[in-house]
Amino acid sequence: MRASTEWKDFAVIDTSGGEKLERWGDVTLIRPDPQVIWNTPKGPEWRSADARYNRSSSGGGSWDARSLRRDEWEISYGDLRFHIRPTGFKHTGLFPEQAVNWDLMRGIIEKAGRQLNILNLFAYTGGATLACAAAGAKICHVDASKGMVQWARDNAALSGLSEKPIRWIVDDCKKFVEREIRRGVRYDGIVMDPPSYGRGPGGEVWKLEDCVFDLVGLCAGALSDRPAFFLLNSYTTGLSPSVMAYILSVTVGRRFDGRVTADEIGLPVEKTGLTLPCGSTAVWQGEPF
C-alpha cells in the first residue's frame, strides 16, 4: 500500500465503529468510513471534535456542528492550498489520500524534459490539476459540476496558479473525450477518478464496474504518440488494484511500451500507527520510469 505520509495540515487521528476522526488544519471532524469495520475504544479526543457527520436512515445525512463556527477554512499541502468546506454529502472538497498520486505525477512531469499536456477527468476540486500545473504541465480540467469546477478555480487562485495554462471545462467527461478525439487533440498524460455511481447526460444511471473498461479504452485514443502516464483511481470496492491494472494493460499497455503498477492507497492513523485503506490506483507509465 502507498500511503500519503507528507501531510502537515491533515491527519487521521483515530478510526473506530464505522467512523474516522480527522484533523483538517485546526478543525477536527468525525466522518463515516465504510472501511472501518472494527470497534476499538474511542478516547476523549472523539468527544471534543468540532463537528460530526451523521448518516440518515432515509439516505444522506447532516452535520452536527458542535463547536464548529465557520463554513470554510484553508489547508496546505506543500505549495498547494485548498478551501475546505463540509458538504451535505459528508465530503470536505478534498481527498487527502490522493496526495501520494499528486507527488507521483509531479515527479513524472518534472523529469519529462518537455512540457506535458495533461487531461484530468472527473477532476473535482482540482487537487491533481494543481499538482500537475505546479510541476509545469498544461492541464485540461474536466468535471460535469459547474460548482466543483469553480471550487477548483478558487483553489488554483489560492495556490497562486491562476496564470498557469489550465483549461477549465464543465462537461460530461465521456462526451468531452469523444469530441477531443474528433478534433485531433491529444494528451501526454491522463488522470481519471470516476465516481462509483453516476448519471449520464440523459439522466441514465451507470455503475463504474460496467463502464470503466470502455471508458479507459476510449481515453487511450486521446493519448499522444509519446504519452508519459495514465493514472486510474477508484473507490469502488469491486475494482481491485489487479483488475484496474489488467484494464490498463489491455488498453494503454497494448498500444504503448511501458509498465503498469497498481496498489491500494491509504492514510496513516496516528493512534495506531497503521494505515487506513482509502481506494486503489493503477498507473501505466511510459519509458523512462
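How each quantity is defined
- Residues numbered from 1 in each chain as written.
- Predicted model: local features only at pLDDT ≥ 70, side-chain atom pairs only at ≥ 80, totals over all residues.
- Heavy atoms only, no water.
- Buried < 20%, exposed > 50% of the residue type's maximum accessible area, 1.4 Å probe, protein only.
- Helix = DSSP H or I, 4+ residues; strand = E, 2+ residues; numbered from the N terminus.
- Pairing = 2+ DSSP bridges.
- Phe/Tyr/Trp six-rings, centres within 6.5 Å; stacked < 30°, edge-to-face > 60°.
- Lys NZ or Arg CZ within 6 Å of the ring centre and 35° of its normal.

1. Comments concerning the pairing of strand S12 (residues 189-192)
Then, number 1: Burial along S12 is two-sided: the face carrying Gly189 and Val191 and the face carrying Ile190 and Met192 are both buried.
Then, number 2: In this sheet, S12 lies alongside strand S9 (residues 117-121) in parallel orientation, the contact comprising four bridges. Paired with Ile118 across the bridge in S12 is Gly189.
Then, number 3: When S12 meets strand S15 (residues 229-234), the two strands line up parallel, connected through four bridges. The partner of Ile190 across the bridge, within S15, is Phe230.

2. Some points on unusual backbone geometry
Then, number 1: Phi at Arg66 takes a positive value of approximately 50 degrees, unusual for a residue other than glycine.
Then, number 2: Secondary-structure assignment places Arg66 in the loop between strand S6 (61-64) and strand S7 (73-77).
Then, number 3: The phi angle at Phe122 is positive, at roughly 55 degrees, despite the residue not being glycine.
Then, number 4: Secondary-structure assignment places Phe122 in the loop between S9 and helix H2 (127-134).

3. Digging into the packing of aromatic side chains
Then, number 1: Taken as a whole and judged by the stated rule, the model has ten aromatic pairs.
Then, number 2: Ring plane angle 65 degrees and centroid distance 4.7 Å describe the contact between Phe10 and Trp24, whose orientation is recorded as edge-to-face. Here Trp24 lies in strand S3 (residues 19-24) and Phe10 lies in strand S2 (residues 10-16), a separation of 14 residues in the sequence.
Then, number 3: Judged by relative accessible area, Phe10 falls into the buried class, the value being 4%.
Then, number 4: We classify Trp24 as buried; its relative accessible area is 0%.
Then, number 5: Between Phe256 and Trp284, the ring centres sit 6.0 Å apart and the planes meet at 50 degrees, which makes this aromatic pair tilted. With Phe256 in the loop between helix H7 (252-255) and strand S16 (258-268) and Trp284 in strand S17 (residues 275-286), this residue pair connects regions lying 28 residues apart in the sequence. Accessibility classification places Phe256 together with Trp284 in one group, the buried group.
Then, number 6: Aromatic ring contacts, followed pair by pair, group Trp7, Phe10, Trp24, Tyr77, Phe82 and Trp102 into a single cluster.
Then, number 7: Across the ring face of Trp46, the terminal group of Lys42 is positioned such that the distance to the ring centre comes to 4.3 Å.

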